[in-house]
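Okay, here's what each chain looks like letter by letter:
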Amino acid sequence: MGRKQNIYKDSNGYYFKANLGKDPITGKRLAKTKRGFKTEAEAYREYMVFMLNQTNDQVVSDSYSNENMTFKDFRDQIYLDWYKSRVKPNTFNPRRYCLLKYFEVFEKKNMRDISVLDVQIFQNKLLSSGVCGSYINLLCSLMAGIWDRAKIFGFVEENPFRALGRIRVEKKKINFWTLDDFKVFEKSIFTTNLENKIMLQENLSQTEYYDFFHYLFYRFLFFTGLRFGESAALLWENVDLDEGKIKVLYTVGNRSKKKSEQYLSTPKSKSSERTLFIDSRTILLLKKWRYYQRHSGDIKLVFSHDDVFIDGAWMGVKFKRLQEKFGLPRATLHDMRHSHASLLIHMKENPKMVQERLGHAKIEMTLDIYSHLYPTENFDVVDRLNAISGRE
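Note that the structure is a prediction, hence the values are computed from the model and not measured.

Colleague: Describe the overall build of the chain, naming the residues involved and giving the relevant values.
Modeller: Scanning the chain from N- to C-terminus turns up 17 helices and eight strands. Going through the 392 residues of the chain one by one, you find that 43% of them count as buried. For the chain, contacts bridging at least 24 residues in sequence account for 64% of all contacts bridging at least 6. For the chain, the exposed surface amounts to about 22500 Å²; the carbon and sulfur share of it is 50%.

Colleague: How would you summarise helix H13 (residues 312-326) if you had to cite specific residues and measurements?
Modeller: Compared with the 21 Å implied by 1.5 Å per residue over 15 residues, the 21 Å span of H13 between its first and last C-alpha is a close match. Met-315, Phe-319, Leu-322, Gln-323 and Phe-326 are the residues of H13 that are buried. Taken end-on, H13 shows its buried residues confined to a sector of 100°, consistent with a single buried face. Exposed residues pointing more than 90 degrees away from the buried face of H13 are listed as Ala-313, Glu-324 and Lys-325. Lining the buried residues of H13 we find helix H8 (179-189), helix H10 (206-224), helix H11 (228-232) and helix H14 (335-346).

Colleague: Now, about the sheet that holds strand S4 (residues 239-240): what can you tell me, with residues and values included?
Modeller: Read from one edge of the open sheet, three strands run S4-S5-S8, paired in antiparallel fashion. Because the sheet does not close on itself, it has two edges, and the strands there are S4 and strand S8 (274-277). Where strand S5 (residues 245-248) meets S8, four bridges bridge the pair, whose relative direction is antiparallel. Among the inter-strand pairings, Lys-247 is bridged to a residue of S8, identified as Thr-275.

Colleague: Tell me about the packing of aromatic side chains, and name the residues and values.
Modeller: Under the counting rule described, the total for this entry stands at 41 aromatic pairs. Each ring, one from Phe-71 and one from Phe-103, has its centre 6.4 Å from the other, and the planes form 70°; the classification is edge-to-face. Pair noted here: Phe-71 is in helix H3 (residues 71-84) and Phe-103 is in the loop between helix H4 (89-101) and helix H5 (116-128), with a separation of 32 residues, a long-range link. In this pair, the class of Phe-71 matches that of Phe-103, namely buried. Seen in terms of ring centroids, Tyr-209 and Tyr-210 are 5.1 Å apart; in terms of plane orientation they differ by 90°. Their pairing is edge-to-face. Relative accessible area serves as the criterion here: at 32%, Tyr-210 is assigned to the partly exposed category. Arg-35 extends its terminal NZ or CZ atom over the ring of Tyr-15, reaching a point 4.2 Å from the ring centre.

How each quantity is defined
- Within each chain, residues carry numbers counting from 1 in the order of the written sequence.
- Only residues with pLDDT of at least 70 get local features here, since the model is predicted, and only at 80 or more are side-chain atom pairs given and counted; chain-wide, interface and lining totals rely on the full set of residues.
- With hydrogens and water excluded, all non-hydrogen atoms of the structure serve as input to the side-chain values.
- Secondary structure elements follow DSSP: runs of H or I no shorter than four residues count as helices, runs of E no shorter than two count as strands, and numbering proceeds from the N terminus.
- When a residue's accessible area, from a 1.4 Å probe over protein chains only, is under 20% of the maximum for its type it is buried; when over 50% it is exposed; and in between it is partly exposed.
- Contacts: residue pairs with any heavy atoms within 4.5 Å of one another.
- The Shrake-Rupley method, run with a 1.4 Å probe, gives the accessible areas here. Residue values count only the displayed protein chains as cover.
- An expected span of 1.5 Å times one less than the residue number is assigned to each helix.
- The directions considered for the arc are those from the helix axis to the C-beta atoms.
- The criterion for strand pairing is that DSSP finds at least two bridges linking the strands in question.
- Two rings belonging to Phe, Tyr or Trp (six-membered ring only in the last case) form a pair when the distance between their centres is within 6.5 Å. Interplanar angles under 30 degrees mark stacking, angles over 60 mark edge-to-face geometry, and anything in between is tilted.
- Definition used: whenever NZ (Lys) or CZ (Arg) falls within 6 Å of the ring centre and also within 35 degrees of the ring normal, the charge is taken to sit over that ring.

What follows is the structure, given as structure tokens:
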């Protein structure tokens, strides 16, 4: 591989020389030199960071040949550092993985040479290898974002990933529990004997303790519609047991796949930060749970035994086992969120209320996901029109 452009070597090591264009007054060319790098790669990386921090985007395209910009160089040296500074770790890490895994076919190509036909062939190969259409759309959306960024600097003129468009994908069927399903679950795991002991705050066996914990957590998901991460990150300081409301301010963030690197993160979007009123029975059960939880110490997380985030994979496995044991419809933890939305719609709550309770950024998202759950709405409208359209 040849020497990277704008990177040089002298007796003290590597250095970069950045071309900053011309002085608008004197017309003289402007440049910035920085020395002292041990390797060419280090100098090149610092050069790219320096150029990205310049206020004039044209500086980058002036100092780097459009014809020499390969997809790999732009992704690794420019885009990923920029993207990392704008999203959370639990968004960046899996998307970085996608960008490094799936696009080797484009890495050595100049970005300007990648055509719509190349993208079509790429999509076809993924489809024939069994990758689902929705995942291919995600991958191409990530690539379209890279090309959008490259256009700013003049490295490309067209965006082949946007020109081709999305693959048509059949809408996935949403699984959810009805209120009757939940009542079967409740009756099966939260027996009358267990409930009586909890209400009297009697000592519980280990099995009874965990039955109570699991029942309460799954109930909480069903009656609040919170995402798993929002529930796992709920703090007692954000629960008002007297007023019967909670503040959703955090979710579980992941810097890596290691559980030890989980942390309290801000929610998915600004609209996800919300205050919810919850039903009185759930509030009563939360009060009882706090009584039993305090036996383990002053724990800040609501759904925890030791102030460590509960494990999503294990809670999902446990939920599946309980469904099989009690003969209930198959549903995931996230399906409890759909179940809550279904419950609200069945109660004839308006879509705006459903949107706000679920923390969706836009009502269009709510309607797109749950519009099929409003099958009787047209009949209701006709009934109301019939009621007012007769002769007086």
